[in-house]
Amino acid sequence: MAFRPETAKPLNELAEILLHQDNNTLTRGEREMIGAYVSSLNDCFFCQHVHGAMAQHYFQCDMQFIDTIKRDYNAAPISAKLKALLSIAGSVQKGGSHVTTAQVENAKSLGATDRELHDTVLIAAAFCMFNRYVDGLNTWAPQERQVYIDRAAMRAEEGYAGSNPHK
Amino acid sequence: MPHIDVDKNLPGIRSLLAFSPETAEPMGVLANLLLRSNDGLSMAERELIAAHVSYLNDCFYCHQSHGEIAVCYLNGDRDLVNKVKADYENAPISDKLKSLLSIAASVQKGGKQVRPDQIEYARALGATDKDIHDTVLIAAMFCMFNRYVDGLAAHTPSDLSTYPPRAKQVAEQGYGNHVFSKNQPV
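Reference entry: report on the structure contained in this document. Remember, it's a predicted structure, so these values are computed and weren't measured experimentally.

For chain A, the helix and strand inventory stands at eight helices and zero strands. Reading the secondary structure of chain A in the N-to-C direction produces α-α-α-α-α-α-α-α. In terms of C-alpha radius of gyration, chain A reaches 15 Å, essentially the compact-globule figure of 15 Å for 167 residues. Taking all 167 residues of chain A together, the buried fraction comes to 44%. Of all intrachain contacts in chain A linking residues separated by at least 6 positions in sequence, the fraction that spans at least 24 positions is 70%.

Now the structure itself:
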């Protein structure tokens, strides 16, 4: 991001709209969880822990709760609708055409709107970009998970739009 | 049929951008920064990277669209574009571009698939840090666009003659919200 600030700006704006803006019927916690889940499938250490910590902050839960969702969301005490959306996000991670009509119909029957389906697919797709950007250039990431948890409240407060890569 | 209710008169990603103009805005800015520049890599080279990654992701709409935009920049050389998409190692392009396409192909599989020796090889052939950065981000960006289009089952025209007029529009005016807010070129 700091290497090329001009491309960082639209990347941050996209994250801000998809993850932080409040005019969305998916909660911030749900949207961050979709990002963290896709990042864990992509094995991106930095992204899964940044966004897992954000979800943990919004859900007011512990780290185990987030890890359970990442490992086996069907076993986690979350809504059936969120499970249906995570299933779609998992298919997007494999490739767009892996999303089936049955998955979409199931999510719709559980109350998911077109906008929520759109955002789920775009969040999952955006993390397939962010994860590859971070790992494709072999960037440095703090190994201690607490670092990410400590930063989450500040990021939740400030959002992503003016995100400073040096902070 | 698309998974969500989008404008039936718009093809592919254009229908999705119109459905969500707010997210379309930063995506258009990003596409212009990465694809509409001759700084280091030419616009043709950038579109070839995009078309190759889209081909690997099996996104017909995107590899057809960006392949045709590359054709515009390459004076109509569709044979070259098709060769780069499917078999760039044997295409008549520079070794430097081949080394960058190899990095892009690794990014398509996953960020961690990029090996240090691929980066060193590209550098030895004259690739700058910015060329490598842009290659990785173009490849990553198309891993997003391709999934966005196919993940929502956006309408993909099967009539190949419909792609060149849209490609010409982008080659002349760049990316941005005009691609869905103006009448579609035919």
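Another aspect to go through is the packing of helix α5 (residues 80-94) of chain A against helix α7 (residues 114-136) of chain A. Residues and elements named next belong to chain A. Contact geometry of α5 with α7 gives a least axis separation of 9 Å together with a crossing angle of 40°. In this view, α5 runs oblique relative to α7, as classed from their interaxial angle. Crossing angle aside, the handedness with which α5 passes α7 is right-handed. Along the contact surface, α5 presents L85, I88, A89, V92 and Q93, while α7 presents E116, T120, V121, A124, A125 and C128.

This next bit is on the interface of chain B and chain A. Between chain B and chain A, the residue contacts involve 36 residues of the former and 36 residues of the latter. Elements with a contribution of two residues or more to the side of chain B that touches chain A: α2 (21-35) and α8 (129-151) of chain B. Residues that form the side of chain B that touches chain A fall into these classes: 21 nonpolar, nine polar and six charged.

Our next topic: the nonpolar core. The tendency in soluble globular proteins is for nonpolar side chains to be buried side by side. Ranked by size, the top nonpolar core spans 105 residues in total, and within it A124 and A126 of chain A together with A139, M141 and Y148 of chain B carry the most contacts. With sequence-adjacent residues up to four places away left out, A139 of chain B is seen in contact with R132 of chain A together with I49, V53, A104, V107 and Q108 of chain B.

Attention now goes to helix α3 (residues 45-59) of chain A. Residues and elements named next belong to chain A. Here α3 contains 15 residues, and its C-alpha end-to-end distance of 21 Å stays within 8% of the 21 Å for a straight helix at 1.5 Å per residue. Of all 15 residues in α3, 11 are buried; the element is thus mostly enclosed. Along α3, the positions that sit buried rather than exposed are C47, Q48, H49, V50, H51, G52, A53, M54, A55, Q56 and H57. Taken together, the buried residues of α3 touch α2 (28-41), α4 (63-72), α7 and α8 (145-158). Backbone geometry just after α3 places Q60 at a positive phi near 55°.

Along an α-helix, a turn takes 3.6 residues, which lines up residues three or four apart on a common side. All names here are of chain B. Taken as a whole, helix α5 (residues 78-87) has its buried residues at V81, V84 and K85. Seen end-on, α5 carries its buried residues on one side only, within an arc spanning 100°. Facing away from the buried side of α5 by more than 90 degrees, the exposed set consists of D79 and D87. For α5, the secondary structure elements touched by its buried residues are α3 (43-56) and α4 (60-73).

Turning to the environment of A84 of chain A, a few remarks are in order. All names here are of chain A. As for its position among the elements, A84 is in helix α5. In the structure, A84 is positioned 21 residues away from E105 in sequence and 9.6 Å away in space, judged by C-alpha atoms. Contact partners of A84, with chain neighbours within four places excluded, come to N106, A107, L110 and A112.

Reading the values: the criteria
- Residues numbered from 1 in each chain as written.
- Chains lettered and ligands numbered in written order.
- Predicted model: local features only at pLDDT ≥ 70, side-chain atom pairs only at ≥ 80, totals over all residues.
- Helix = DSSP H or I, 4+ residues; strand = E, 2+ residues; numbered from the N terminus.
- Rg over C-alpha atoms; globule rule 2.2 N^0.38 Å.
- Buried ≥ 20, exposed ≤ 12 C-beta atoms within 10 Å, placed from the backbone.
- Contact = placed C-beta atoms within 7 Å.
- Axes fitted to C-alpha atoms, helices over the stretch in contact; angles between N-to-C directions.
- Parallel < 35°, antiparallel > 145°, perpendicular 65-115°, else oblique.
- Left-handed = near helix turned anticlockwise from the far one by under 90°.
- Nonpolar A, V, L, I, M, F, W, Y, C, P; charged D, E, K, R; others polar.
- Core = buried A, V, L, I, M, F, W, Y, C linked by C-beta atoms within 7 Å.
- Expected span 1.5 Å × (residues − 1).
- Arc of directions from axis to C-beta.

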